[in-house]
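Structural overview for review
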Amino acid sequence: MSNIVLGVSGSVAAYRACDLARDFMRAGHTVRVCLTDAASNFVQPALFEALTGQPCLTDTFEEPVAGRMAHIDWARAADLIVVAPATANTINKIANGVGDDMLTTILLASTAPILIAPAMNPSMYNHPETQASLKKLSNRGVQIVEPTEGEVACGENGQGKLANNAHILRESLEFLSQSKLLEGKTILITSGPTQEPIDTVRYISNRSSGKMGFAMARAARLLGAQVILVSGPTDLLTPPDIQLVPVVTATQMLIEAQKHAVKADWIIGLAAVADYSVAQPSNTKLRRSSEDIQITLTPNPDIIGTLAKEFPDKKVIAFAAEPSADTEYAAEKMRRKSVSAITLNDISRSDIGFGSDENELTLITADGKTYESGKQSKLACSLWLLKILAET
Ligand code: C5P
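Residues numbered from 1 in each chain as written. Predicted model: local features only at pLDDT ≥ 70, side-chain atom pairs only at ≥ 80, totals over all residues. Heavy atoms only, no water.

**A look at the pairing of strand 11 (residues 226-231)**
This is how it is decided: Relative accessibility thresholds used throughout: buried, under 20% of the residue-type maximum; exposed, over 50%; partly exposed, between the two (1.4 Å probe, protein chains only). Comment: elements are numbered from the N terminus, with helices defined as DSSP H or I runs of at least four residues and strands as E runs of at least two. In short, DSSP must find at least two bridges between two strands for them to pair.
With five of six residues buried, strand 11 lies mostly within the body of the structure. Pairing geometry for strand 8 (residues 186-191) and strand 11, over six bridges, is parallel. Its bridge partner lying in strand 11, T190 is registered against V230. Pairing analysis gives four bridges linking strand 11 to strand 12 (residues 243-246), with the strands arranged parallel. Among the inter-strand pairings, V230 is bridged to a residue of strand 12, identified as V245.

Okay, here's the thing in structure tokens:
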């Protein structure tokens, strides 16, 4: 049994949320409804309270349990938040992080998966702002149940009718079960660049932003896993509910990864580990001179290869950032590193890979199968990858 928060915004289709709440309850879930101000012009909290046996919130400062902040309690307890019907205004607010009523505040405070079923006039649905918001939300991992075509309440024809309840119910329950796909699993992810000191102020590193590793961490958490993220230096915000283990050098990354790998079921190597470190870094700042200087570089340990050999029973996945889409070379690397699968991304393209928000992956598994993600946000690529790995 899961806790579902049903957010209802001000569309004529708000009346259909009553049946939807009952459908969720019949499927065995607890439903708590939150109405926007506009929705409460169409439907009343008392109706949802009677249907669900739970308090129904509208005002941001309501506290059904005295002294407890309801927006935080509801946000934390939610296993899934469904917004149906979702108006253009509510969608645009959610996409832009606005929290000016109880529903949008709960959404901001929650890390639960979110499903949105839009309902509005077709021109409002097709408006570039609404479409941009839906794309942004989808890239963030929000599930969108598209509206259907037909005659909407204002008499116009087009796409904007709330999808039928059975469809919203099916998509919600599927999404809810997906969000538990990796429950009980611990996933260790190495991410970001490493920095190898030359002296006290200089280092050797690379252009990895860490975005793919952080997106993978977020996706794994969204699917219910416990996540340990061993990351080299980045400017990224750690996603909620993730255990971050910050490191600087490849050697530190190996030590921390080995320590945490013991508890992990899967290990995903997304770090762009520097191939070499300086054999003898100076413990003071090197002075400038007009002479050539020589720095001896020594190869760094292969972290993912070492872990794959030390933990042969765990699922270990490597990434191959290659200057071409050469699957043969990637497959050879998979065998050399003894990993369970390798994911190839072509870093010669400027629209995907290093620093970009999108990626396009080819997954090659040890049994020789290949899978293509298509170009998607790094979060969507991560969800795609984790779902395949869960099945193979
Ligand atoms: O050999 P190459 O660097 O192309 O391999 C890439 C894969 O190996 C990535 O998964 C990366 O995180 C991992 N790797 C590692 N330690 C290294 C080099 C690469 O874990 N020293």
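From this point, the discussion proceeds with the structure in view.
**Things to note about unusual backbone geometry**
The residue after A84, namely P85, is reached through a cis peptide bond having omega -5°. Within the secondary structure, P85 sits in strand 3 (residues 80-86). At S338, a position not held by glycine, the phi torsion is positive, near 55°. As for its position among the elements, S338 is in the loop between helix 12 (327-337) and strand 17 (341-346). For S338, a relative accessible area of 39% puts it in the partly exposed group.

**Notes on the environment of G67**
Tracing the backbone shows G67 in the loop between helix 2 (45-52) and helix 3 (70-77). Classification of G67 as exposed rests on a relative accessible area of 68%. Residues G67 and A279, spaced 212 residues apart in sequence, show a C-alpha to C-alpha distance of 59 Å.

**Thoughts on the site of the ligand**
Note the threshold: If even one non-hydrogen atom of a residue comes within 4 Å of a molecule or strand, that residue is called near it. Pairs of N or O atoms are called polar contacts if they sit within 3.5 Å, as long as, within protein, a hydrogen donor faces a hydrogen acceptor (for residues adjacent in sequence, only side-chain-to-side-chain pairs). Methods summary: accessible areas were calculated by the Shrake-Rupley approach with a probe of 1.4 Å, and residue burial reflects only the protein chains presented.
G269, L270, A271, V273, P301, D302, I303, I304, A318, F319, K333 and K337 make up every residue found near the ligand. In the model, a nitrogen atom of the ligand is placed 2.8 Å from a nitrogen or oxygen of the P301 main chain. Here a nitrogen atom of the ligand and a backbone polar atom of I303 are 2.9 Å apart. Burial of the ligand by the surrounding chains reaches 84%, relative to a free accessible area of 440 Å².

**Concerning the packing of helix 1 (residues 16-26) against helix 2**
The angle between the axes and the distance between the axes are what describe a pair of packed helices. Under the convention used in this document: Here an axis means a line fitted to C-alpha atoms, over the contact stretch when the element is a helix, while the angle between two N-to-C directions is reported on a 0 to 180 degree scale. Should an angle lie under 35 degrees it is considered roughly parallel, over 145 roughly antiparallel, and from 65 to 115 roughly perpendicular; all remaining angles are considered oblique. Take the far helix as your reference; a near helix turned counterclockwise from it by less than a right angle gives a left-handed crossing, and one turned clockwise gives a right-handed crossing. Residues count as neighbours in contact if any of their non-hydrogen atoms are within 4.5 Å of one another. Any residue that is not Ala, Val, Leu, Ile, Met, Phe, Trp, Tyr, Cys, Pro, Asp, Glu, Lys or Arg is counted as polar, Gly included; the first ten are nonpolar and the last four charged.
Relative orientation of the contacting elements helix 1 and helix 2 amounts to 20°, with a least axis distance of 10 Å. Viewed along their axes, helix 1 and helix 2 adopt a mutual orientation that is roughly parallel. Note on packing geometry: the crossing formed by helix 1 with helix 2 is right-handed. Residues A17, C18, A21, R22 and M25 of helix 1 lie in contact with helix 2, whose contacting residues are L47, F48, L51 and T52. Of the residues that constitute the contact of helix 1 with helix 2, the class distribution is seven nonpolar, one polar and one charged.

**Focus: the sheet that holds strand 5 (residues 143-144)**
In spatial order, the strands read 2-1-3-4-5; together these five strands make up an open sheet with parallel pairing. Whereas interior strands pair on both sides, the edge strands pair on one side only; in this sheet they are strand 2 (30-35) and strand 5. By the bridge criterion, two bridges tie strand 4 (residues 114-118) to strand 5 in an arrangement that is parallel. Note that in strand 5 the partner of L115 across the bridge is Q143. Where helix 4 (residues 88-95) meets the sheet, it contacts strand 3 and strand 4, and its direction lies at approximately 140° from that of strand 3. Sitting on the sheet, helix 5 (residues 102-109) touches strand 1 (3-8), strand 2, strand 3 and strand 4, and the angle it makes with strand 3 is about 145°.

**What about the pattern of salt bridges?**
Short version of the rule: We count a salt bridge whenever a side-chain nitrogen from Lys or Arg sits within 4 Å of a carboxyl oxygen from Asp or Glu.
Inspection of every chain in the model, using the stated rule, returns 13 salt bridges. A salt bridge links D73 to R68, with the shortest nitrogen-to-oxygen separation between them at 2.7 Å. The exposure class assigned to R68 is partly exposed, which follows from its relative accessible area of 43%. Here D367 makes a salt bridge to K369, at a shortest N to O gap of 3.8 Å. Since its relative accessible area comes to 56%, D367 is described here as exposed. One salt-bridge network, held together by shared partners, links K93, D100 and D101.

**Quick notes on the sheet that holds strand 11**
The eight strands lie next to each other as 12-11-8-13-16-17-19-20, forming an open sheet whose pairing is mixed. Edge strands, defined here as strands with exactly one partner in the open sheet, are strand 12 and strand 20 (370-372). Recorded for the sheet is a direction-independent mean angle of 15° between the axes of neighbouring strands. Relative to strand 19 (residues 362-365), strand 17 runs antiparallel, the two sharing four bridges. If you follow I342 over to strand 19, its bridge partner there is I364.

This is a description of form; function is not addressed.
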